[in-house]
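Residues per chain are reported as follows:
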Amino acid sequence: MGWFKRLREGIQTQTSDKKEVPDGFWQKCKSCGGTFTILELEKNLFVCPDCDYHFRIGSHDYFNIIFGSRYKLLFDNITSLNFLEWTDLKSYDDRLESAKELTSLSDAISVAVGKVNRKPLVIAAMDFSFIGGSMGSVVGEKIARSVDYCIEHRTPLMIISKSGGARMMESAFSLMQLAKTSTKLAQLSREAIPYFSFLTDPTTGGVTASFAMLGDINFSEPKALIGFAGPRVIKETIKKDLPEGFQRSEFLLDHGFLDFIIHRSELKDRLNELLSYFPMDKAAQ
Amino acid sequence: MIFFFGYSTDRLSFLISPLINRLIIMVFLDFEQPLESLYEQLETLQKLGAEGDIDITDKVKELESTIKKKKKEIYTELTRWQKVQLSRHPSRPYTLYYINQICKRFTELHGDRKFGDDKAIVGGLGTIDGTTVMIIGHQKGVNTKMRQYRNFGMANPEGYRKAQRLMKMAEKFNIPVVCLIDTPGAFPGLEAEERGQAEAIATNLFEMAQLKVPILCYVIGEGASGGALGIGLGDRTYMLEFTWYTVISPESCSSILWRTWDNKEQAAEALKLTSEDMLSFELIDGIIQEPIGGAHSDPEKMAKALKKHIKATLAEVADMTPDELINNRLEKYDGMGRFVEA
């Protein structure tokens, strides 16, 4: 008998006879390699129980963490259009179609209004799973309308960034979203309505170079990649390896670009605390 | 942006010509090859003439008109990629050239008062026919040494912060701001990230959105992404004819979406990045025609046209109140975007 043959009965199952585990039942931690069931992770707000790695989650996960199940989606009727008739290896139409199918989302940002301990808040949260969380006309428009909503209802705004940058398939229109969102946030600022920018993994490119860096208060989750140029481009430019921890939250905090880093489990409490510093005019609500 | 030179030397050819009294080096782009041989002929002819035996006046005239015709032919049928090449032409005039031509007086102001003085963005106070303006622009180098000194027109955060300092000063003294845009992108370096490249650009956008004095923006060469927009948000935006302005360079776009550097022509077409495209999208307010052959073929003429345009536009916005300026800017940028609303 070979060394590797198992002796006890019942565990000599052929690979083909193995019981199927449903897809997506297990998830592996990118950081420590530990494997957990989705249920386990969900209970832990998608933070690795072993190493504290913050898994990338979607807009609705954040809404659930912060608002519970009680929130109202806003402006979900706005969708992208392939107005430039863009095609690279795939057409923009196909990319949009498959992103919608994959995510059941309307675009790379979702806006919701809800309450944190009875204090109203508008959250615009990005989804990396929708074409890399890229910012096109829809992202810009939804942020612009969120600002209008916040001014009208005297409600604080939080944007949760998670994006690779501008959406190339909308060319100059996507670039102009940097100008559009910044102009709208300047308007919000003149109205003295607080804006919290919550940067999550990853936040790069045009998103960082516009609304993500413009919060009255900027904060992020631990170890999130945050930068203007992507690490690969920088590496190619300087032809050297990048230092450990470069462009991570802790690096940005150290260099003065973030107010603090927040663990996902503390998110709701910290938001409650922040909102309490900015009591909004009740009469206008 | 990975393109340090903006153009590759293998696609250019050089001709040293004594055509005009001073020595000039003529650079021909690949699509200008028919012109090169014509210029060579002209040169040979002029040499013959200089020897004095034969009268060549008629022949020279004939050849010159052939060149003119050919130029017109080539320049009316340019592809988008060829326009990108022109925007990066090594002889193209840059910001400081225009400033010297346009302003009777100019005092360059240096430094961001925080960390350093960026050489890729220049700025200062000047006068245009008696009107004081704050002029700010990207600056590329005119030769190999200067290109390095200017970091190929790729600014670090200090450049954007210097620009903001100068704009705030202009605001304080009610001086209009003119921005000249010409960059292959903000510098993607390690220190640039450490010192907050994204924050520098973002706060510029935020401050420019509510600056109480007029801001006029002119794309005079390359308008690449956030690096261009970082000094490009204003009341009016114009582009010189053979320039481009979009979210990414065609090369980088090709490398990301086509996964090869070779589809830059196709990427340029897809990006629809030329001045004509931008005007048709109503993302800019107008185009300033370049001399046939591009701005570099007659820089003085180009500078004159630019000066005239700046003067006229300054007059247009001169009487606007700060509130009008800020509200118009808000309305203008809020209207940028195309989407479906169900």
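Procedures and definitions
Residues numbered from 1 in each chain as written. Chains lettered and ligands numbered in written order. Predicted model: local features only at pLDDT ≥ 70, side-chain atom pairs only at ≥ 80, totals over all residues. Heavy atoms only, no water. Helix = DSSP H or I, 4+ residues; strand = E, 2+ residues; numbered from the N terminus. Buried < 20%, exposed > 50% of the residue type's maximum accessible area, 1.4 Å probe, protein only. Contact = heavy atoms within 4.5 Å. Areas by Shrake-Rupley, 256 points an atom, 1.4 Å probe, with all protein chains shown as cover. Lys, Arg positive; Asp, Glu negative; His and termini not counted. Charge placed at Lys NZ, Arg CZ, Asp CG, Glu CD. pLDDT = per-residue confidence, 0-100. Salt bridge = Lys/Arg side-chain N within 4 Å of Asp/Glu carboxyl O. Domains from an automatic or database assignment. Buried area = accessible area lost by both parts, 1.4 Å probe. Polar contact = N/O pair within 3.5 Å; in protein donor to acceptor, adjacent residues only side chain to side chain. Pairing = 2+ DSSP bridges. Arc of directions from axis to C-beta. Axes fitted to C-alpha atoms, helices over the stretch in contact; angles between N-to-C directions. Parallel < 35°, antiparallel > 145°, perpendicular 65-115°, else oblique. Left-handed = near helix turned anticlockwise from the far one by under 90°. Nonpolar A, V, L, I, M, F, W, Y, C, P; charged D, E, K, R; others polar.

Of the regular secondary structure elements, chain A holds eight helices and ten strands. Taken along its principal axes, the extent of the C-alpha atoms in chain A is 80 × 45 × 40 Å. The buried share of chain A, taken over its 285 residues, is 55%. Of the contacts made within chain A by residues no fewer than 6 positions apart, 67% connect residues no fewer than 24 positions apart. Of the roughly 13400 Å² that chain A leaves accessible, carbon and sulfur atoms contribute 50%. Of note, chain A has its 35 positive side-chain charges centred 2 Å away from the centre of its 36 negative side-chain charges.

On to the confidence of the model for chain B. Residue and element names in this part refer to chain B. In this model, chain B carries a mean pLDDT of 92, and residues with pLDDT of at least 70 account for 93%. Low confidence marks residues 1–11, where pLDDT is under 50. Its contacts with residues over four positions away, or in another chain, come to 30 contacts. Confidence drops under a pLDDT of 50 for residues 17–23, and excluding neighbours within four residues, the segment shows eleven contacts in the predicted structure. Quick note on the complex model: pTM equals 0.91, ipTM equals 0.92.

Next up on the list: the pattern of salt bridges. Scanning all chains against the criterion turns up 34 salt bridges over all chains. Among the ionic pairs, A:Arg145 bridges to B:Glu341, the shortest N-O distance being 2.7 Å. One end of the pair, A:Arg145, is in helix 4 (residues 137–153); the other, B:Glu341, is in strand 11 (residues 340–341), on a second chain. Accessibility expressed as a relative area gives 42% for B:Glu341, which makes it partly exposed. Between A:Asp241 and A:Lys235 there is a salt bridge, with its nearest N and O atoms 3.4 Å apart.

Residues and elements named next belong to chain A. On domain assignment, one finds that chain A holds domain 1 (22–55) and domain 2 (56–284). Of note, the centres of domain 1 and domain 2, computed from C-alpha atoms alone, are 24 Å apart. For the pair domain 1 and domain 2, the two sides together bury roughly 750 Å², of which 57% comes from carbon and sulfur. By the criterion of area lost to domain 2, the three top residues of domain 1 are Leu 45, His 54 and Phe 55, representing 69% of everything that side buries. Along the contact surface separating domain 1 from domain 2 lie zero salt bridges. Summed over the shared surface of domain 1 and domain 2, the number is six residue pairs in polar contact (both at pLDDT 80 or more).

Listed per partner, the contact involves 58 residues of chain A and 54 residues of chain B. Taken over both partners, the interface formed by chain A and chain B buries close to 5000 Å², and the fraction arising from carbon and sulfur atoms is 73%. Applying the counting rule to chain A against chain B returns 16 residue pairs in polar contact (both at pLDDT 80 or more). When contributions to the side of chain A that touches chain B are tallied by element, the ones reaching two or more residues are strand 4 (78–79), helix 4, helix 5 (171–190) and helix 6 (231–238) of chain A. In terms of residues, the side of chain A that touches chain B owes the most to one element, helix 5 of chain A, which gives 18 residues. Summarising the sheet, strand 4 of chain A and strand 11 of chain B pair through two bridges and their orientation is antiparallel. Paired with A:Ile78 across the two strands is B:Glu341, which belongs to strand 11 of chain B.

Before going further, it helps to spend a moment on the sheet that holds strand 3 (residues 71–74) of chain A. As a general point, the strands of a sheet are linked pairwise by backbone hydrogen bonds and lie either parallel or antiparallel. All names here are of chain A. The mixed open sheet is built from seven strands, whose spatial order is 3-5-6-7-8-9-10. Strand pairing shows two members of the sheet lacking a second neighbour, strand 3 and strand 10 (260–261), which therefore form its edges. Of the pairings in the sheet, the one linking strand 6 (residues 119–126) to strand 7 (residues 157–163) comprises four bridges and is parallel in character. Counterpart to Ile 123 in the pairing with strand 7 is Met 158.

What follows covers helix 11 (residues 264–271) of chain B. Looking only at helix 11 of chain B, the buried set comprises B:Lys264, B:Ala267, B:Ala268, B:Ala270 and B:Leu271. Down the axis of helix 11 of chain B, the smallest arc covering the buried residues is 165 degrees, so these residues share one side. Packed against the buried residues of helix 11 of chain B are helix 5 of chain A together with helix 3 (80–87), strand 9 (244–246) and helix 10 (250–258) of chain B. Looking at the residues trailing helix 11 of chain B, positive phi occurs at B:Lys272, about 45 degrees.

A separate point is the environment of B:Thr274. With respect to the helices and strands, B:Thr274 occurs in the loop between helix 11 and helix 12 (275–280). Sequence-distant contacts of B:Thr274, defined by excluding residues within four places in its chain, comprise B:Arg80, B:Lys83, B:Met239 and B:Thr243.

Let us look at the packing of helix 1 (residues 33–51) of chain B against helix 2 (residues 57–76) of chain B. All names here are of chain B. Where helix 1 contacts helix 2, the axes come no closer than 10 Å and their chain directions differ by 165 degrees. The angle between helix 1 and helix 2 falls in the class roughly antiparallel. Crossing angle aside, the handedness with which helix 1 passes helix 2 is left-handed. Contacts from Pro 34, Leu 35, Leu 38, Tyr 39, Gln 41, Leu 42, Leu 45 and Gln 46 of helix 1 reach helix 2 at Lys 59, Val 60, Leu 63, Glu 64, Thr 66, Ile 67, Lys 70, Lys 71 and Ile 74. A breakdown of the residues in the contact of helix 1 with helix 2 according to their chemical character gives ten nonpolar, three polar and four charged.

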